[in-house]
Amino acid sequence: CVWFTEPSAPTAMTVTSRADSQLTISASKGAGVSSDFTVSVDPPVNDEPQKSSSGQSFVVTLTSLTPGTLYTVTMTAISGSEESDELQESFYTSE
């Protein structure tokens, strides 16, 4: 039997690259073990977010965005079947 504990929420979400139709966003992994993360975007985007995990960071690239638009990004960490609390930040694309 394997037990999973709820991971801590990601922290310090920032834009690492910004263009008129693309955002690349990074967040630090919270304390504890997390094997994956979820991403949701509002307003919804047509292209599936491109996710990766590197060291102590979660990275997501959003493409086919509308220039000059405010997007709200929500991330949660996952450990087994457990999800962390949400981290939510909003970012504008370039015009």
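Residues numbered from 1 in each chain as written. Predicted model: local features only at pLDDT ≥ 70, side-chain atom pairs only at ≥ 80, totals over all residues. Heavy atoms only, no water.

Visitor: How should I be thinking about the nonpolar core in this particular structure?
Guide: In a soluble, globular protein the nonpolar side chains are often hidden away together inside. Judged by nonpolar contacts, the single largest core of 17 residues is most densely connected at Met13, Ile25, Val39, Val60, Leu62, Val73 and Met75. Going through the elements one at a time, β2 (23-28), β3 (36-42), β5 (57-62), β6 (70-79) and β8 (87-92) are the ones with two or more residues in this core. With residues near it in sequence (within four places) discarded, Val73 still touches Met13, Ile25, Val39, Ser40, Leu62, Leu87, Gln88, Glu89 and Phe91. (Core = buried A, V, L, I, M, F, W, Y, C linked by side-chain atoms within 4.5 Å. Buried < 20%, exposed > 50% of the residue type's maximum accessible area, 1.4 Å probe, protein only. Helix = DSSP H or I, 4+ residues; strand = E, 2+ residues; numbered from the N terminus. Contact = heavy atoms within 4.5 Å.)

Visitor: How should the packing of aromatic side chains be read in this particular structure?
Guide: Describing an aromatic ring pair means giving the distance of the ring centres and the angle of the ring planes. By the definition in use, this model includes one aromatic pair. Lying over the aromatic face of Phe37, Lys51 brings its terminal NZ or CZ to 5.0 Å of the ring centre. (Phe/Tyr/Trp six-rings, centres within 6.5 Å; stacked < 30°, edge-to-face > 60°. Lys NZ or Arg CZ within 6 Å of the ring centre and 35° of its normal.)

Visitor: Before we go on, may I ask you to explain the sheet that holds strand β4 (residues 50-54) in this structure?
Guide: Sheets are built from strands that pair by backbone hydrogen bonding, the pairs being arranged parallel or antiparallel. Strands sit in the order β1-β2-β5-β4 across an open sheet of four strands; the sheet is antiparallel. Both edges of this open sheet fall to β1 (11-18) and β4, since each of them pairs with a single strand only. Put simply, the sheet's adjacent strands are angled 20° from each other on average, direction ignored. The pairing of β2 with β5 spans six bridges and is classified as antiparallel. Paired with Ala27 across the strands is Phe58, a residue of β5. (Pairing = 2+ DSSP bridges. Axes fitted to C-alpha atoms, helices over the stretch in contact; angles between N-to-C directions.)

Visitor: Honestly, the pairing of β6 in this entry has me stumped. Any pointers?
Guide: The side chains of a regular strand alternate, residue by residue, between the two faces of the sheet. Of all ten residues making up β6, nine are buried, and the element is well covered by its neighbours. Where β3 lies against β6, seven bridges are found, and the strand directions are antiparallel. Opposite Val41, over in β6, you have Val73 as the bridge partner. Between β6 and strand β7 (residues 82-83), which pair antiparallel and follow one another directly, the connecting turn spans two residues, one of which, Gly80, has a positive phi of 65°.

Visitor: What is the right way to look at the pairing of β2 in this model?
Guide: Most of β2 sits out of view: five of its six residues are buried. Pairing between β1 and β2: five bridges, direction antiparallel. The residue of β2 that forms the bridge with Val15 is Ile25.

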